[in-house]
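Listed below, chain by chain, are the residues.
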Amino acid sequence: MTSAYPPPPPPPARGRDRTTLWGVLGIVLGLICCGILGIIFGYLSIRDARRYNQSPVLGYLAIAFGVINIIGGAILRSTGNYPFWNND
């Protein structure tokens, strides 16, 4: 008696894979200007990476850079060295 073959894996989820797009946007925005947007885009990258079975590294980096941006901005503001504030 022969055993049956296991069923084939399910097809990948339909739709557009934007894992890399969200990750790169999150990293760039998290580093340059907006930590909050970096965190949001990082979350979207991780969500799509799980959906399409890809690596979530870009999403984690985007979240990390967003948090660093927020903490660094808070430190600069509290010490009075933030370059975009006019302290006249």
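How each quantity is defined
Residues numbered from 1 in each chain as written. Predicted model: local features only at pLDDT ≥ 70, side-chain atom pairs only at ≥ 80, totals over all residues. Heavy atoms only, no water. Patch = residues over 30% accessible without salt bridge, like charges linked within 9 Å, V, L, I, M, F, W, Y side chains within 5 Å. Areas by Shrake-Rupley, 256 points an atom, 1.4 Å probe, with all protein chains shown as cover. Salt bridge = Lys/Arg side-chain N within 4 Å of Asp/Glu carboxyl O. Helix = DSSP H or I, 4+ residues; strand = E, 2+ residues; numbered from the N terminus. Buried < 20%, exposed > 50% of the residue type's maximum accessible area, 1.4 Å probe, protein only. 1 Å grid on protein atoms, 1.4 Å probe; cavity = no way out; pocket = protein on both sides within 12 Å on 5 of 7 lines; lining within 4 Å. Points joined across faces, edges and corners; volume = space filled by probe spheres on them. Axes fitted to C-alpha atoms, helices over the stretch in contact; angles between N-to-C directions. Parallel < 35°, antiparallel > 145°, perpendicular 65-115°, else oblique. Left-handed = near helix turned anticlockwise from the far one by under 90°. Contact = heavy atoms within 4.5 Å. Nonpolar A, V, L, I, M, F, W, Y, C, P; charged D, E, K, R; others polar. Expected span 1.5 Å × (residues − 1). Arc of directions from axis to C-beta. UniProt positions renumbered as here; feature names shortened; annotations may be inferred.

Engineer: When you look at a nonpolar patch on the surface in this model, what are you seeing that I'm missing?
Structural biologist: Side chains of Val 24, Val 28, Leu 31 and Ile 32 sit close together on the surface and give an oily, nonpolar patch of about 380 Å² of accessible area. For Ile 32, the location among the structural elements is in helix α1 (residues 19-32). Judged by its relative accessible area of 66%, Ile 32 is exposed.

Engineer: Got a minute to help me understand the layout of surface pockets in this structure?
Structural biologist: Over the atoms a probe the size of a water molecule is rolled, and this reveals where empty space is left. Size it by volume and the largest pocket reaches roughly 230 Å³. Surrounding the largest pocket, 13 residues form its lining, Cys 33, Asn 69, Gly 73, Arg 77 and Tyr 82 being those nearest its centre. Put simply, the parts of the chain that give the lining of the largest pocket at least two residues each are α2 (35-51) and α3 (57-79). Considering each element in turn, the lining of the largest pocket owes the most residues, 6 residues, to α3.

Engineer: Explain the packing of α1 against α3 to me, please; I cannot follow it from the model alone.
Structural biologist: Between two packed helices, what matters for the description is the angle formed by their axes and the separation of those axes. Across the interface, α1 lies against α3 with an axial gap of 8 Å and an inter-helix angle of 15°. Taken together, the axis directions place α1 and α3 in an arrangement best described as roughly parallel. Here α1 and α3 pass one another in a crossing that is left-handed. Contacts from Thr 20, Gly 23, Gly 26, Ile 27, Leu 29, Gly 30, Leu 31 and Ile 32 of α1 reach α3 at Leu 58, Leu 61, Ala 62, Phe 65, Gly 66 and Asn 69. Here the residues of the contact of α1 with α3 sort into 8 nonpolar, 6 polar and no charged.

Engineer: Honestly, α1 in this entry has me stumped. Any pointers?
Structural biologist: An α-helical turn contains 3.6 residues, so a residue and the one three or four places further along point in the same direction. Helix length check: α1 (14 residues) gives 20 Å between terminal C-alpha atoms against 20 Å at 1.5 Å per residue, within 8%. Taken residue by residue, α1 has Thr 19, Trp 22, Gly 23, Gly 26, Ile 27 and Gly 30 as its buried positions. Projection of α1 onto a plane perpendicular to its axis shows the buried side chains occupying an angular sector of 130°, all on one side. Summarising the contacts, the buried residues of α1 are in contact with α2 and α3.

Engineer: Looking at this model, I keep getting lost on the UniProt feature "transmembrane region" (unreviewed entry) in the protein chain. Mind explaining?
Structural biologist: As recorded in UniProt, the feature "transmembrane region" (unreviewed entry) lies at residues 20-45 and 57-76. Secondary structure content for residues 20-45 is 92% helix and 0% strand, while the C-alpha to C-alpha distance between its ends is 7 Å. Within the segment residues 57-76, helix and strand shares are 100% and 0% respectively, and the terminal C-alpha atoms sit 28 Å apart.

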